[in-house]
Amino acid sequence: MNTKTTLILISVLTTLIFVGTILWWHLYTPRYDFAVQAPGADNRPEGLTRAADDVVIGEFFMRYEEQTSSLTGKWSCFRGEDYTNIVYAPGKIKITQEDYPVVWNVETGEGHASPVIYNGLVYFLDYDEKLSSDALRCFSLESGKELWRRWYRVPMKRNHGFSRTAPVVNGNYIITLGPQGHVMCCDPVSGDLKWTLDIQKEFKTEVPFWYAGQCPRMDDNTLILAPSGEDILLAGIDCDSGKVVWQTPNTLNYKMSHSSVMPMTIGGKKMYIYAGVGGVCGISAEQNDRGALLWNTEKWNPSVIAPSPLQLSANSIFLVAGYGTGGAVLQVNHSGGKWNANIVEQYKPSEGMSSEQQTPILYNNMIITVLPKDGGSMRERLVCYALSNLHVPVWTSGADERFGLGPYTVINNMLFALKDNGELYIYEIKSRGMELMKKQPVMDGIDAWGPMAYADGRLLVRDAHRVYCLKIN
């Protein structure tokens, strides 16, 4: 047998084996006794198969450790106890050549949600992409150990991260507002679930692009939210029961913005100030007419609003937004039994004090901000303005000190500012400006945009993927 014949036989034999194997694979049935079961015959618990929007808020809980703390410091909500982003701490802030030590750090899902602190416990809202879940996580401020986690499944797609809001906490409640508008109230120590609320279902809220950015507020025993739904603009919710105790009709047809409600006293009257998509309004916070719409204006109406309103005086409010909007001064007056609000000054971001994401700080009659990327030659720098002139700064940081969308806060007379790449700058605040005292790389940061929190000598900062705790005094 010659070589050619041998090759032909081998080829034919290989083809027959291959074809036979394929036929056997398709025709062979390993079992013939399968039975079709009726629904429920597999004893699967009810509720495991759900529609995509059927979210069971706070459904799951995990406890990792028990821990008590002697610490008593508090940073209980967005911008701190009095909403100014200023804290007066005992003792001086250490300024040395050595870096502040990083006491601990923890990995997070992609997001920008700010932590809050209460009596030695740290809380922040997180998102776990693997589990498609919102999670309220509780840590020890001293050790960084995770103590417990309360979470629930809510599928979402990444949109510059997920979580954006700071919780609000006191001795009885820790309350979160998730990216899709899910409200969860828990015991701040045990993590036990008290009640939940879905503002999309309850108020027919349209959650803004980039998800919810509004941080919840607590006034005594009442949660303050601006759902800006089809019928309800603002609502007060009893923190014990989760029941709506007052509400403001949405006759203005505002939509929900990323801005948070700011409690203020204007003209001697307590109010909740809200900058929604559609305009700015003042809602009574007084006991006798709480929830009543006092005034509004549509002359300030950006399509995207992240910073919150900033009170400048007894009757004036500074408004700011990014994406080319700039800034404006709103005056609110009361005469003849009526309130009225007027925009008395408005300008583009290259023409004066403005901000894209962070809310400016008013400190010693000087306003501190980071100009947006469309803020002209001083874009992304720290700047200080006198109240008497919002167009010409009294001080600006150096050309290489540009902070992007990074946060900043005042501790005693020191400004802590975080570049959005994770480098921390510390300035001493003077009467007309600031002096750079120290800078320190904290992380190789990516989008370090989340607001800071401070208590008991510890400063919490974050980027899109990690939270860091620094010991600063």
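Note: the structure precedes this text.
Keep in mind it's a predicted model, so treat the numbers as computed, not measured.

**Concerning the overall build of the protein**
1) Next: Assigned secondary structure in the protein consists of 2 helices and 35 strands.
2) Next: For the protein, with 473 residues in total, the buried portion stands at 54%.
3) Next: A separation of at least 24 residues holds for 54% of the contacts in the protein among residues at least 6 apart in sequence.
4) Next: Roughly 21500 Å² of accessible area belongs to the protein as shown, and the carbon and sulfur atoms make up 51% of that amount.

**Some remarks on the environment of D400**
1) Next: With respect to the secondary-structure elements, D400 resides in the loop between β28 (395-396) and β29 (408-411).
2) Next: The class for D400 is exposed, based on a relative accessible area of 53%.
3) Next: Considered as a pair, D400 and R381 are 19 residues apart in the sequence and their alpha carbons are 8.5 Å apart.
4) Next: Ignoring anything within four residues of it in the chain, the contact list for D400 reads K419 and Y425.

**Some remarks on the pattern of salt bridges**
1) Next: For the structure on display, the rule yields 12 salt bridges.
2) Next: Between R149 and E146 there is a salt bridge, with its nearest N and O atoms 3.0 Å apart. Accessibility assignment for this pair places R149 and E146 in one class, buried.
3) Next: A single salt-bridge network, built from bridges that share partners, covers D126, R137, E146 and R149.

**Here we look at the packing of aromatic side chains**
1) Next: Considering all chains together, one arrives at 13 aromatic pairs under this definition.
2) Next: Between Y100 and F416 the ring centres are 6.5 Å apart and the planes differ by 35°, which places this aromatic pair in the tilted class. Of this pair, Y100 sits in the loop between β3 (86-87) and β4 (102-107) while F416 sits in strand β30 (residues 414-418), placing them 316 residues apart in sequence. Exposure class is identical for Y100 and F416. Each is buried.
3) Next: A centroid spacing of 5.3 Å and a plane angle of 75° characterise the contact between F403 and Y425, whose relative ring orientation is edge-to-face. Linking F403 in the loop between β28 and β29 with Y425 in strand β31 (residues 423-430), this pair joins segments that are 22 residues apart in sequence.

**Comments concerning the sheet that holds strand β14 (residues 222-225)**
1) Next: Read from one edge of the open sheet, 4 strands run β13-β14-β15-β16, paired in antiparallel fashion. Unpaired on one side and paired on the other, β13 (217-219) and β16 (244-249) mark the two borders of the sheet. Going across the sheet, the axis of each strand differs from the next one's by a mean of 25°, ignoring polarity.
2) Next: Relative to strand β15 (residues 232-238), β14 runs antiparallel, the two being bridged by 4 bridges.

**Structural notes on the sheet that holds strand β33 (residues 453-455)**
1) Next: Read from one edge of the open sheet, 4 strands run β4-β35-β34-β33, paired in antiparallel fashion. The two strands at the open ends of the sheet, each matched to only one other strand, are β4 and β33. Across the sheet, the mean angle separating the axes of adjacent strands is 15° when strand polarity is ignored.

**Focus: empty space enclosed by the protein**
1) Next: Applying the stated criterion across every chain, the model contains 2 cavities of 30 Å³ or more.
2) Next: Space inside the largest cavity adds up to approximately 90 Å³.
3) Next: W75, F78, R79, N85, Q358, T359, P407, Y408, P451 and M452 are the residues that line the largest cavity.
4) Next: A breakdown of the residues in the lining of the largest cavity according to their chemical character gives 6 nonpolar, 3 polar and 1 charged.
5) Next: A volume near 50 Å³ is recorded for the second largest cavity.
6) Next: Considering the residues around the second largest cavity, the lining is formed by S355, E356, Q357, Q358, V370, L371, P372, G404, L405 and Y408.
7) Next: When the residues that make up the lining of the second largest cavity are grouped by side-chain class, the tally is 5 nonpolar, 4 polar and 1 charged.

So, how was this worked out
- Residues numbered from 1 in each chain as written.
- Predicted model: local features only at pLDDT ≥ 70, side-chain atom pairs only at ≥ 80, totals over all residues.
- Heavy atoms only, no water.
- Helix = DSSP H or I, 4+ residues; strand = E, 2+ residues; numbered from the N terminus.
- Buried < 20%, exposed > 50% of the residue type's maximum accessible area, 1.4 Å probe, protein only.
- Contact = heavy atoms within 4.5 Å.
- Areas by Shrake-Rupley, 256 points an atom, 1.4 Å probe, with all protein chains shown as cover.
- Salt bridge = Lys/Arg side-chain N within 4 Å of Asp/Glu carboxyl O.
- Phe/Tyr/Trp six-rings, centres within 6.5 Å; stacked < 30°, edge-to-face > 60°.
- Pairing = 2+ DSSP bridges.
- Axes fitted to C-alpha atoms, helices over the stretch in contact; angles between N-to-C directions.
- 1 Å grid on protein atoms, 1.4 Å probe; cavity = no way out; pocket = protein on both sides within 12 Å on 5 of 7 lines; lining within 4 Å.
- Points joined across faces, edges and corners; volume = space filled by probe spheres on them.
- Nonpolar A, V, L, I, M, F, W, Y, C, P; charged D, E, K, R; others polar.

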